[in-house]
Amino acid sequence: MPTDAPLTIQRIAIFPLPGAVLFPGLHLPLHIFEPRYKAMVQEVLARDRQIGMIQPRHIPGEEDREPPALYDVGCVGRIIDVEALAEGRFNIVLEGVARFRVRRELDVTTPFRQVEAEIETEVEDEAVLSSIERASLEREAKRFAQRHGYVVDWASVGQLDDETLVNGIAQVAPFDAAAKQALLETSPLETRAELVIQLMQFFGRFDGDDGRATLQ
């Protein structure tokens, strides 16, 4: 997330969830069942329908820290679909709006955490890749999908704009949490696309005959 991007300061409710990284323009379905997050959804539905998705950060020696530390950068999502279930639970779908950087965590009385955040006011909707960059990304994506046995509608993939394709791979590919966080924080789009390619090559390698990606 570049420091020179236009920003606005906003108070947001956050949902720290390991491995769940939302990117601007994409959707993330969530099942809400914990009491604190049921309360959060009820509040934001009555307010701005926005939730900040952010990953907790593992700090060596602070495994028992409560509440957990957070990464600096997350993504604000707007609730675009909600299904109320029994016992106050919800199924919701978030649509990524913009990245944010945590300025400070607020002292609140709500059961869920809230932060003061710098939110990008301009997204990369005009960002495009060169034809060579796009072709390299699609070529590596096809190799990665074949290695993992994924069935993909490549004709539909070919119709996606560059940002949606890059962010879509970054969000759904089986990279680890740290890799996804690095992708979220990387700008501009062509640099993120290059990192996506590197990660597909890295996580696409296999260890022996058991079909698992290796980090060796």
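Up top is the structure.
Residues numbered from 1 in each chain as written. Predicted model: local features only at pLDDT ≥ 70, side-chain atom pairs only at ≥ 80, totals over all residues. Heavy atoms only, no water.

Visitor: Explain the packing of aromatic side chains residue by residue, including any values.
Guide: Following the criterion strictly, the structure yields 5 aromatic pairs and no others. Aromatic side chains Phe 175 and Phe 203 sit 5.3 Å apart centroid to centroid with 40 degrees between the ring planes, which places their arrangement in the tilted category. Of this pair, Phe 175 sits in the loop between helix 4 (162–172) and helix 5 (177–185) while Phe 203 sits in helix 6 (residues 189–203), and the two are 28 residues apart along the sequence. Here Phe 175 and Phe 203 have matching classes, each one buried. An aromatic cluster of at least three residues, connected via ring pairs, comprises Phe 144, Tyr 150, Phe 175, Phe 202 and Phe 203. (Phe/Tyr/Trp six-rings, centres within 6.5 Å; stacked < 30°, edge-to-face > 60°. Helix = DSSP H or I, 4+ residues; strand = E, 2+ residues; numbered from the N terminus. Buried < 20%, exposed > 50% of the residue type's maximum accessible area, 1.4 Å probe, protein only.)

Visitor: Would you mind going over helix 5 in detail, with residue names and values included?
Guide: Every buried residue belonging to helix 5 is among Ala 179, Lys 180, Gln 181, Leu 183 and Leu 184, and all of these are buried. Each element contacted by the buried residues of helix 5 is listed here: strand 4 (73–84), strand 5 (90–105), helix 4 and helix 6. (Contact = heavy atoms within 4.5 Å.)

Visitor: Account for the nonpolar core, with residues named and values stated.
Guide: Counting 44 residues, the largest nonpolar core has Ile 51, Met 53, Ile 92, Leu 137, Phe 175 and Met 200 as its most contacted members. Ranked by the residues each element gives to this core, the list is headed by helix 6, at 7 residues. In contact with Leu 137, other than residues within four places in its own chain, are Leu 129, Leu 165, Val 166, Ile 169, Ala 193, Val 196, Ile 197 and Met 200. Within the second largest apolar cluster, 11 residues are counted, among which are Ile 12, Ala 98, Phe 100 and Ile 119. (Core = buried A, V, L, I, M, F, W, Y, C linked by side-chain atoms within 4.5 Å.)

Visitor: An account of the pattern of salt bridges is requested, with residue identities and associated values reported.
Guide: Considering all chains together, one arrives at 13 salt bridges under this definition. We note a salt bridge from Glu 120 to Arg 99, for which the minimum N-O separation is 2.9 Å. Of this pair, Glu 120 sits in strand 6 (residues 114–120) while Arg 99 sits in strand 5; the two residues are 21 residues apart in sequence, bridging distant segments of the chain. Residue Glu 120 is classed as buried on the basis of its relative accessible area of 8%. Its salt-bridge partner being Glu 140, residue Arg 143 comes within 3.4 Å of it at the nearest N-O pair. One end of the pair is Arg 143 and the other is Glu 140, both in helix 2 (residues 131–148) and 3 residues apart, which spans about a single turn. For Arg 143, a relative accessible area of 41% gives the class partly exposed. Its relative accessible area of 3% is what places Glu 140 among the buried residues. Among the charged side chains, a network of salt bridges with common partners joins Arg 103, Arg 104, Glu 116 and Glu 118. (Salt bridge = Lys/Arg side-chain N within 4 Å of Asp/Glu carboxyl O.)

Visitor: Go over unusual backbone geometry with me, naming the residues and quoting the values.
Guide: Cis peptide bonds are those with omega within 30 degrees of zero, and the linkage from Ser 187 to Pro 188 qualifies with 0 degrees. Counting through the fold element by element, Pro 188 comes out in the loop between helix 5 and helix 6. Positive phi, normally seen in glycine, also occurs at Arg 49, with a value near 65 degrees. Taking relative accessible area as the criterion, Arg 49 reaches 31% and is therefore assigned partly exposed. Of note, Glu 87 is a non-glycine position whose phi angle comes to about 60 degrees, a positive value. Tracing the sequence through the fold places Glu 87 in the loop between strand 4 and strand 5.

Visitor: Please provide a residue-by-residue account of the environment of Ala 141, values included.
Guide: Counting through the fold element by element, Ala 141 comes out in helix 2. With relative accessibility at 10%, the residue Ala 141 sits in the buried group. In this structure, the C-alpha to C-alpha distance between Ala 141 and Val 196, residues 55 residues apart in sequence, is 9.2 Å.

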